[in-house]
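Next come the chains, spelled out residue by residue.
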Amino acid sequence: MLQEHEIFMYISRWAFMGGAPGLQVYKFNTETGAVTFLKDITTEISFGFSRVDEERGLLYLVNEMPEVPGVIYKTGRIYGYRLDKETGDATELFHQETYCPFPSYIGMSADKNYIVVPHHSWADNITTVVKNGDGIYEPMMQFNDSCVNLYTMNADGTLGQLVDVKKHSFATPHFDFAGKLTIPHPHSAVLSPSGKFFAVCDKGDGHIYFYTINEETLELLARHQTDADLSEPRYCVFHPTKPFIYVNHEHTADGSMPVNAYQYTEDGDLGFINKVDALYAPCHPADGKKALTSLNISADGSYLYCVANGCNNVAVFSVNQDTGAIALIQNQPINGKKARNGTLSPDGRYFITACILDGEIDVFAVGEDGMLTPNEHHAKAHGAAYISFYDPKKTK
């Protein structure tokens, strides 16, 4: 039973990169930032991204893995759970294979009639022998598809049908910044404030795609390279009220960790504003092992929060409300190892981080100036990957 100022918090756990599988529910005190473990919902399934539909009391997650036990083809899954308003417990409603490895995000349309699911996919390959037009046999490599899937949703919030698939691909073999053979990696699908289009960051091909939904079809509105060649855009966030969009980059060829600011139009045009390295020079790790992961924006659009793993840090940026330009104002260390995710509490008073390797869940108070201060409250969940909140008072 929740007490005053308490809501439920769900931690998805990822059995990858040294993590462990599972889904846990906690109580979160919105006044103090206290985190209280309630129960393990499952310890068998590996989950990544999650999102809550508070109106219908549903939790959606991706099983972000290259394959599923008992299924002979490479695929991840989408899961849906019904949430108990009294206990926070979750009962599985459905799961569905996505026909592509590593589903990485769930974007929902404003009317809740569709979801968009991008797939990081998996760059393993097979070699086949083919006869070319000159009658000569030669090898040909084949890779897993890198898909952006469109699904209908039923009125009760359960998954409908897969109605469209867009495949990101390279015409010729492509190598990443480290010289490794790679494929496109669509990684996120964020709905614009107008609800007109989804922004899909592809950290494999270095572009952001704007897709609209038209009669159960994903239509490409525009495609833009976000930074220099071999940069890896991972997540984006929109300013809530102004035509600004912000993109972080997991890696770049020159070792910088940029967050880029742009102005956009509803027709899909994109205009560069500025870019800022997420780490002050002393915070860049000497071994070079670093990557930007999550990206959040405050409800009023005044501050950005970007988590960097390897160096395990939260970068805080101020946002100029007239120009959209950003400026780095803080690097706040995280106690845990392999920081995977960070998110603002629903009221914006706290920022919570999740780390895969040691499961450290840290709580930071958010000041009036947007900067973070460590809070005494924390928890442990080995494999902690993503955080979602649920206020049952908002369920009809």
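Keep in mind the model is a prediction, meaning the values are calculated, not measured.

Criteria and thresholds
Residues numbered from 1 in each chain as written. Predicted model: local features only at pLDDT ≥ 70, side-chain atom pairs only at ≥ 80, totals over all residues. Heavy atoms only, no water. Helix = DSSP H or I, 4+ residues; strand = E, 2+ residues; numbered from the N terminus. Buried < 20%, exposed > 50% of the residue type's maximum accessible area, 1.4 Å probe, protein only. Contact = heavy atoms within 4.5 Å. Areas by Shrake-Rupley, 256 points an atom, 1.4 Å probe, with all protein chains shown as cover. Lys, Arg positive; Asp, Glu negative; His and termini not counted. Charge placed at Lys NZ, Arg CZ, Asp CG, Glu CD. Pairing = 2+ DSSP bridges. Axes fitted to C-alpha atoms, helices over the stretch in contact; angles between N-to-C directions. Patch = residues over 30% accessible without salt bridge, like charges linked within 9 Å, V, L, I, M, F, W, Y side chains within 5 Å. Salt bridge = Lys/Arg side-chain N within 4 Å of Asp/Glu carboxyl O.

(A) The arrangement of the overall build of the protein chain in detail. When helices and strands are counted, the protein chain shows 0 helices and 32 strands. The C-alpha extent of the protein chain, read off along each of the three principal axes, is 75 × 45 × 40 Å. Taken over 396 residues, the protein chain has a buried fraction of 57%. Contacts in the protein chain between residues at least 24 apart in sequence constitute 51% of all its contacts with a sequence separation of at least 6. Surface accessibility of the protein chain: about 16,400 Å² in total, with carbon and sulfur atoms responsible for 50%. In the protein chain, the 30 positive side-chain charges and the 48 negative ones have mean positions that sit 3 Å from each other.

(B) A look at unusual backbone geometry. Look at lysine 112: it is not a glycine, yet its phi comes out positive at around 65 degrees. One can find lysine 112 in the loop between β8 (107-108) and β9 (114-118).

(C) Expanded view of the sheet that holds strand β7 (residues 90-97). The strand order β4-β5-β6-β7 describes an open sheet built from 4 strands, whose pairing is antiparallel. With partners counted over all chains shown, the strands left at the sheet margins are β4 (50-53) and β7, one partner each. Taken over all neighbouring pairs, the strand axes of this sheet differ in orientation by 20 degrees on average, direction set aside. Bridge count for strand β5 (residues 58-63) against strand β6 (residues 77-83) is 6 bridges, and the pairing is antiparallel.

(D) Expanded view of a nonpolar patch on the surface. Together, Ile72, Tyr73, Tyr99, Leu162 and Val165 give the surface a local cluster of nonpolar side chains, amounting to about 510 Å² of exposed area. Note that tyrosine 73 resides in the loop between β5 and β6.

(E) Representation of the pattern of salt bridges within the structure. All chains considered together, the criterion is met by 21 salt bridges. A salt bridge links glutamate 97 to arginine 77; the shortest N-O distance between them is 2.5 Å. Residue glutamate 97 is found in strand β7, and its partner arginine 77 is found in strand β6; the two are separated by 20 residues along the sequence. Per residue, the accessibility class of glutamate 97 equals that of arginine 77, and both read buried. Between lysine 393 and aspartate 391 there is a salt bridge, with its nearest N and O atoms 3.2 Å apart. Given the relative accessible area of 13%, aspartate 391 is considered buried. Put simply, Asp53, Glu55, Arg56, Lys112 and Lys396 are held in one network by salt bridges that share partners.

(F) Inspection of the environment of glutamate 67 at higher detail. Among the structural elements, glutamate 67 can be located in the loop between β5 and β6. Given the relative accessible area of 46%, glutamate 67 is considered partly exposed. Between the C-alpha atoms of glutamate 67 and tryptophan 122, which are 55 residues apart in sequence, the distance is 9.9 Å. Apart from residues no more than four positions distant in its own chain, glutamate 67 is found in contact with Lys74 and Thr75.

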